[in-house]
Amino acid sequence: MWIAEHAEAARDFLVEASDAITAGKRLNAAEMLWGAAAHAIIAVAQDRGWPFHYHRDLTSTAKNLAFEYQDWRMWDGIKAAEQCHIYFYHGRMHDGTLDDSFPLVRYLVGRLLALIN
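Note that the structure is predicted; figures quoted are calculated from it, not measured.

Caption draft 1: Seen up close, the packing of helix H4 (residues 72-90) against helix H5 (residues 98-113). Between H4 and H5, the shortest axis-to-axis distance is 8 Å and the interhelical angle comes to 130°. Considered as vectors, H4 and H5 are oriented oblique to each other. In this structure, H4 crosses over H5, and the sense of that crossing is left-handed. Along the contact surface, H4 presents Arg73, Met74, Asp76, Gly77, Ile78, Ala80, Ala81, Cys84 and Tyr87, while H5 presents Leu98, Ser101, Leu104, Val105, Tyr107, Leu108, Arg111 and Leu112. Here the contact of H4 with H5 is built from residues that sort into 12 nonpolar, two polar and three charged.

Spelled out as structure tokens, the structure:
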């Protein structure tokens, strides 16, 4: 996938997550939130020529960008997205709630997509 396709997937997954939350499909919503964050991070990583093939690449990219821009809400967003990923597999979150995660992930995705050249 190319940068624009990852960006579009991130936007689409946010919409799907919102719809899934409304429909009470919380596991689906959780995975869509993780997917939105992951695709947005991949788009930025590709744009910058950074690695993006592994989970650790995604978290490293998000952390590096949070430090670069001194924007700790970005870091909160990736941690929330990771919690959603955990929720998808285990039906529980270690920190926060799915409802709390949605605005954090939405912020992260918006902020990341704004960085693409």
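Caption draft 2: A look at a nonpolar patch on the surface. On the surface, a cluster of nonpolar side chains totalling about 290 Å² of accessible area is made up of Leu27, Phe88 and Tyr89. As for its placement among the helices and strands, tyrosine 89 is situated in helix H4.

Caption draft 3: Representation of the environment of tryptophan 75 in the model. Locating tryptophan 75 in the fold gives a position in helix H4. The spacing of tryptophan 75 and asparagine 117 is 42 residues in sequence and 21 Å in space, taken between C-alpha atoms. With sequence-adjacent residues up to four places away left out, tryptophan 75 is seen in contact with Thr59, Ala62, Lys63 and Ala66.

Calculation notes
Every chain's residues receive numbers from 1 upward, in the order its sequence appears when written. Where totals are concerned, whole chains, interfaces and linings use all residues; where local detail is concerned, this predicted model gives features only for residues with pLDDT of at least 70, and gives and counts side-chain atom pairs only at 80 or more. Neither water nor hydrogens contribute to the side-chain values; these are computed over all heavy atoms in the structure. All axes here are fitted lines through C-alpha atoms, helices being fitted over the stretch that makes contact, and every angle between N-to-C directions spans 0 to 180 degrees. Strands here are runs of E lasting at least two residues and helices are runs of H or I lasting at least four, both read from the DSSP assignment and numbered beginning at the N terminus. These descriptions rest on fixed angle ranges, namely under 35 degrees for roughly parallel, over 145 for roughly antiparallel, 65 to 115 for roughly perpendicular, and the rest for oblique. In this scheme the crossing of two helices becomes right-handed for a clockwise turn of the near helix relative to the far one and left-handed for an anticlockwise turn of less than a right angle. Residues count as neighbours in contact if any of their non-hydrogen atoms are within 4.5 Å of one another. Three categories are distinguished: nonpolar for Ala, Val, Leu, Ile, Met, Phe, Trp, Tyr, Cys and Pro, charged for Asp, Glu, Lys and Arg, and polar for the others, with Gly belonging to the last. A patch consists of residues exposed above 30% relative accessible area that lack any salt bridge, with like charges linked at up to 9 Å and nonpolar side chains (Val, Leu, Ile, Met, Phe, Trp, Tyr) linked at up to 5 Å. All accessibility values rest on the Shrake-Rupley procedure with a 1.4 Å probe; residue burial counts only the protein chains present in the view. Definition used for salt bridges: Asp or Glu carboxyl oxygen within 4 Å of a side-chain nitrogen of Lys or Arg.

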